[in-house]
Amino acid sequence: MPHRILIVEDEPTLVETIGYNLRREGYDVLSAGDGEAGLLAAQTQSPDLVILDIMLPKMNGLDVCRTLRRTSAVPVLMLTARSTEADKVAGLDLGADDYLTKPFGMRELMARVKAMLRRQPASATGRPHAYGVFALDDLRHEIRKGGQPLPLPPLEYSLLAYLLRNHGITFSRDTLLEKVWGYDYAGDTRTVDVHVRSLREKIEAEPSAPRHLITVRGVGYRLDLE
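Residues numbered from 1 in each chain as written. Predicted model: local features only at pLDDT ≥ 70, side-chain atom pairs only at ≥ 80, totals over all residues. Heavy atoms only, no water.

1. What to know about the pairing of strand 11 (residues 213–216)
The two faces of a sheet get side chains in turn, since along a regular strand they alternate between them. Applicable threshold: Strand pairing is assigned whenever DSSP detects at least two bridges linking the two strands. Per the convention used, a helix needs a DSSP run of H or I reaching at least four residues, while a strand needs a run of E reaching at least two, with both numbered from the N terminus.
Note that strand 11 and strand 12 (residues 220–223) share four bridges and pair antiparallel. Residue pairing for strand 12: T215 is matched across the bridge by Y221. Counting the residues in the hairpin turn of strand 11 and strand 12 gives three residues, including G218, whose phi is positive at 80°.

2. Observations concerning unusual backbone geometry
Of the consecutive residues K102 and P103, the connecting peptide bond is found in the cis state with omega at -5°. The residue P103 is located in the loop between strand 5 (98–101) and helix 5 (106–118) in this model. Of note, S46 is a non-glycine position whose phi angle comes to about 50°, a positive value. Secondary-structure assignment places S46 in the loop between helix 2 (35–44) and strand 3 (49–53). In this model, K58 sits at a positive phi of 70°, which is unusual for a non-glycine residue. Tracing the backbone through its elements, the reader meets K58 in the loop between strand 3 and helix 3 (61–68).

3. Focus: the environment of D98
Tracing the sequence through the fold places D98 in strand 5. For the pair D98 and T175, spaced 77 residues apart in the sequence, the C-alpha separation amounts to 16 Å.

4. Points about the sheet that holds strand 9 (residues 148–149)
One open sheet accounts for four strands, arranged 6-7-8-9; its pairing is antiparallel. If you trace the sheet from one side to the other, it starts and ends with strand 6 (129–131) and strand 9, each paired once. By the bridge criterion, three bridges tie strand 6 to strand 7 (residues 134–137) in an arrangement that is antiparallel. For A130, the partnering residue across the bridge sits in strand 7 and is A135.

5. Some points on helix 2
The periodicity of an α-helix, 3.6 residues per turn, causes residues three or four positions apart to be oriented the same way. What counts here: When a residue's accessible area, from a 1.4 Å probe over protein chains only, is under 20% of the maximum for its type it is buried; when over 50% it is exposed; and in between it is partly exposed. By definition, the arc is the one covered by directions from the helix axis to the C-beta atoms. Throughout, a residue-residue contact means that at least one pair of heavy atoms, one from each residue, lies within 4.5 Å. Side-chain atoms alone can form a polar contact between residues adjacent in sequence; in general such a contact is a pair of N or O atoms within 3.5 Å, and within protein one must be able to donate a hydrogen while the other accepts it.
Buried residues of helix 2: G35, G38, L39, A41 and A42, and no others. The buried residues of helix 2 all sit within an arc of 165° when viewed along its axis, so they share a single face. At its buried positions, helix 2 is contacted by strand 1 (4–8), strand 2 (28–32), strand 3 and helix 3. You can read the cap of helix 2 off the contacts: a side-chain oxygen lies 3.0 Å from the backbone nitrogen of E36, and it is on D34.

6. Considerations on the pairing of strand 1
Inclusion rule: The definition of a right-handed crossover adopted here requires that, viewed with the strands pointing away, the path from the first strand over the helix to the second runs clockwise.
When you tally the buried positions in strand 1, you get four out of five residues, the bulk of the element. In terms of strand pairing, strand 1 meets strand 2 through five bridges, oriented parallel. Looking across to strand 2, one finds that I5 is bridged to V29. On the question of chirality, the crossover connecting strand 1 to the parallel strand 2 by way of helix 1 (residues 12–24) is right-handed.

7. Topic: the pattern of salt bridges
This is how the line gets drawn: One speaks of a salt bridge when a side-chain nitrogen belonging to Lys or Arg is within 4 Å of a carboxyl oxygen belonging to Asp or Glu.
The final tally for this structure, using the stated rule, is 15 salt bridges. Close ionic contact of R112 with D98 constitutes a salt bridge, the shortest N to O distance being 3.3 Å. Of the two residues, R112 sits in helix 5 while D98 sits in strand 5, which places them 14 residues apart along the sequence. Across the salt bridge formed by R144 and E142, the nearest N and O atoms sit 2.4 Å from each other. Accessibility assignment for this pair places R144 and E142 in one class, buried. Here the salt bridges share partners, and the residues they tie into one network are E9, E11, D53 and K102.

8. Things to note about the environment of H129
For H129, the position within the fold is in strand 6. Judged by its relative accessible area of 46%, H129 falls in the partly exposed class. With 14 residues separating them along the chain, H129 and I143 place their C-alpha atoms 9.6 Å apart. If sequence neighbours within four positions are ignored, H129 has contacts with F134, A135 and L136.

9. Notes on the sheet that holds strand 5
Selection rule: Helix axes use the C-alpha atoms of the stretch in contact, all axes being lines fitted to C-alpha atoms, and the angles between their N-to-C directions lie in the range 0 to 180 degrees.
With respect to topology, five strands assemble into an open sheet ordered 2-1-3-4-5, the strand pairing being parallel. Pairing within the sheet leaves two strands with one partner each, and these edge strands are strand 2 and strand 5. Geometrically, the sheet is characterised by an average inter-axis angle of 20° between neighbouring strands, direction not taken into account. Bridge count between strand 3 and strand 4 (residues 76–80): four bridges; the pairing is parallel. Counted as the bridge partner of V50 is V76 from strand 4. Sheet strands touched by helix 1: strand 1, strand 2, strand 3 and strand 4. Its angle to strand 1, the strand with the most contacts, is close to 170°.

Structure representation (structure tokens):
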């Protein structure tokens, strides 16, 4: 079955262009022209990925993302007409997996879509793998700390799983983008910092003084088990 992609965007020409390119790649495409309709479609049509504009009538994209994340872990690619970092960070903080700033090229959009859809949990033997206080269960797509499941959207799950499997190794932001996001993300690495900050809120007793997810100044990040 082809992947189903939902486009939530109020610019008809852009919807048509994105939809045309997605269908050419064999995807099943749905669309909604405002935030309320987009949220309903995301909740009822089981898309595999949502392309979500921030500036929407009736309900903005940030509110759609916030509401959707209460019940769904579907990957979200946020579109923004603003280049300010605050808008990008706001979307990532609410659970969006990635963002594109308008105007963007269709080649870049398709690369992001393909990379996001490729992210799947690694094959598992059926038993969780223990990493110190953490347990990685790929069959359940779940990471637990101290026996308690962590509330992780797909990108945070993939990032933490990668760091757990490679604990003790320091990775640059560019390397994490390549290995976890799945494509060569030229330029802005702020998205890694935002996801790291969100992970710290969930796995650290004191996020401002982390014991597990460590910043290596001038290099990147490392996951320590103890």
